[in-house]
Amino acid sequence: MTDPSGQFTPSATRASGGAGENYVILSLPGPVTDDADWTLNGVTYLLKDKAHVDISYKLYENPSDALAGEKNGALYSSSAAFIRFADATSMAGKASASAKIDVATSSTRFENGLVTHIMEINIKNVVGNQITIGAANGDAGTDIVLDNVVDKITLTATGDFSAVAAIKDADDKVLLAAGKVWLDVDDTCTPEIGGTDRNNDGDFDDPSDIAPIPAGHQIGALATFNDEYLEATVVITNEDNVQDIPTDPAYLGDIENAFLCMQINGLSKIPEITYSGELSMTAKDNFEAIGDVSFTGSKLEKNRESAVLHFLVTPEGDFRNMVRLTNTSNVDGTDLMVTLINDAGDEVTFSLGDVPGVSADLAPRASTPLININDLYATAQKVERGDKGMFTVEGEGMGNKLRARFDGNVLAGSLKAKALSVSTDNTTFFTF
């Protein structure tokens, strides 16, 4: 600190410390009344780093005790937090509730069309009594504003964006325009300013066109992609974005509950994948950026159909139980899963393809072979469940009975399950 002797009321002289030290001892001439106000103003503190700073005060009667810093010799002492350093900004991302991939379109569209969102973003000024130190971008003591300290923020989303890419022929001619990825002010994901003129006729009256919208929905620039379309990058700055159109000037004001939106081309298959994100800040001169923030985004999943059988008997009882699944649609069924549930409510899930001789896929209008319930049960018992142990139907009150749920990427209403029972002497046969 600097020498504060001339800044102290009542007047005092410096006895020790001060210039270049982390303490100062002041000598007060003559008596001071008990109710006197003591103030210390206009002192400059030189901070070596971002460590927290506390301040303490001790009143001594004897100069020798003050010079020695004797704790027990102080008439009065007090201490408090003086300076605290904290991040002026915060960045966060998380998964959002993405639309399901619609298997009825051969997985080329979402249930709600061509657009969904894959993560939610929040970039804010930290609320609190924070001030800038020094005169950069404002006088000392200026309230912190996000766009005063941040030059740009980069959002990088990693995953498979192949369904966004343009479809081209062998000569690299565009047959179907690419979709887009952008950061939107809300989860309605209105396509970005400018629209999409798919047939390049100069207007937006074709049913496949996306008409322009007013400014203000898109935050930052449209995403750019790496060559493999496995990474999308959105840059948010204080400048207008790369489009030569009016934009929201407050890009780096608080961005609350914004959504990274994705518009697909409508013809490529949409992969089932979990996206991840990273937010990276570049600070303006004289400021320091907070660290990068990584997070997990949404998982794109196909809409799944299920079928349930409520009564199956196993194993090796008086009746042999068999199950058959049928895909009644004209669309491929994929990724069929089995969940077996015992009478105690315990359950285990596994792929239908784990059952010997059975596939996890089901062609249009096709059926599985008759699957012996004992084979399903044996497969269930091989599932590693850690501390839960092996799945079983044996136990008090369980009675060797099962329920089964089958689900997969099958057109809604088109997955059918039937159970067939034959007595062990082959004299009784029934389905349910």
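Residues numbered from 1 in each chain as written. Predicted model: local features only at pLDDT ≥ 70, side-chain atom pairs only at ≥ 80, totals over all residues. Heavy atoms only, no water.

## Structural notes on the confidence of the model for the protein chain
Fine structural detail should not be taken from predicted coordinates in areas where pLDDT scores are low.
For step 1, the next point in the chain: In the predicted model, the protein chain carries a mean pLDDT of 80, and 75% of its residues have values of at least 70.
For step 2, the next point in the chain: A low-confidence stretch, residues 135-141 stays under pLDDT 50, and its non-local contacts, those more than four residues away or across chains, total 13 contacts.
For step 3, the next point in the chain: Low pLDDT, under 50, characterises residues 240-251; the predicted model gives this stretch 22 contacts beyond four residues in sequence or across chains. (pLDDT = per-residue confidence, 0-100. Contact = heavy atoms within 4.5 Å.)

## Here's the deal with the pattern of salt bridges
For step 1, the next point in the chain: A complete count under the given rule lists 9 salt bridges for this structure.
For step 2, the next point in the chain: A salt bridge links D335 to R304; the nearest nitrogen and oxygen atoms lie 3.0 Å apart. Pair noted here: D335 is in strand β23 (residues 334-342) and R304 is in the loop between β20 (293-299) and β21 (305-313), with a separation of 31 residues, a long-range link.
For step 3, the next point in the chain: For D335, a relative accessible area of 33% corresponds to the partly exposed category.
For step 4, the next point in the chain: Given the relative accessible area of 33%, R304 is considered partly exposed.
For step 5, the next point in the chain: The salt bridge partner of R385 is D346, with a shortest N-O separation of 2.8 Å. A residue pair is termed long-range when its members are at least 10 positions apart, and R385 in the loop between α3 (373-381) and β26 (401-409) and D346 in the loop between β23 and β24 (347-351) qualify at 39 residues.
For step 6, the next point in the chain: For D346, a relative accessible area of 21% corresponds to the partly exposed category.
For step 7, the next point in the chain: Connected through shared salt-bridge partners, K100, K299 and E301 make up one network. (Salt bridge = Lys/Arg side-chain N within 4 Å of Asp/Glu carboxyl O. Helix = DSSP H or I, 4+ residues; strand = E, 2+ residues; numbered from the N terminus. Buried < 20%, exposed > 50% of the residue type's maximum accessible area, 1.4 Å probe, protein only.)

## Here's the deal with the sheet that holds β20
For step 1, the next point in the chain: In spatial order, the strands read β16-β17-β11-β19-β20; together these 5 strands make up an open sheet with antiparallel pairing. Lying at the two open borders of the sheet, with one neighbouring strand each, are β16 (224-225) and β20.
For step 2, the next point in the chain: The sheet contact formed by strand β11 (residues 150-158) and strand β17 (residues 231-237) spans 7 bridges and is antiparallel. Each residue of the ladder has a partner; that of K152, found in β17, is T237. (Pairing = 2+ DSSP bridges.)

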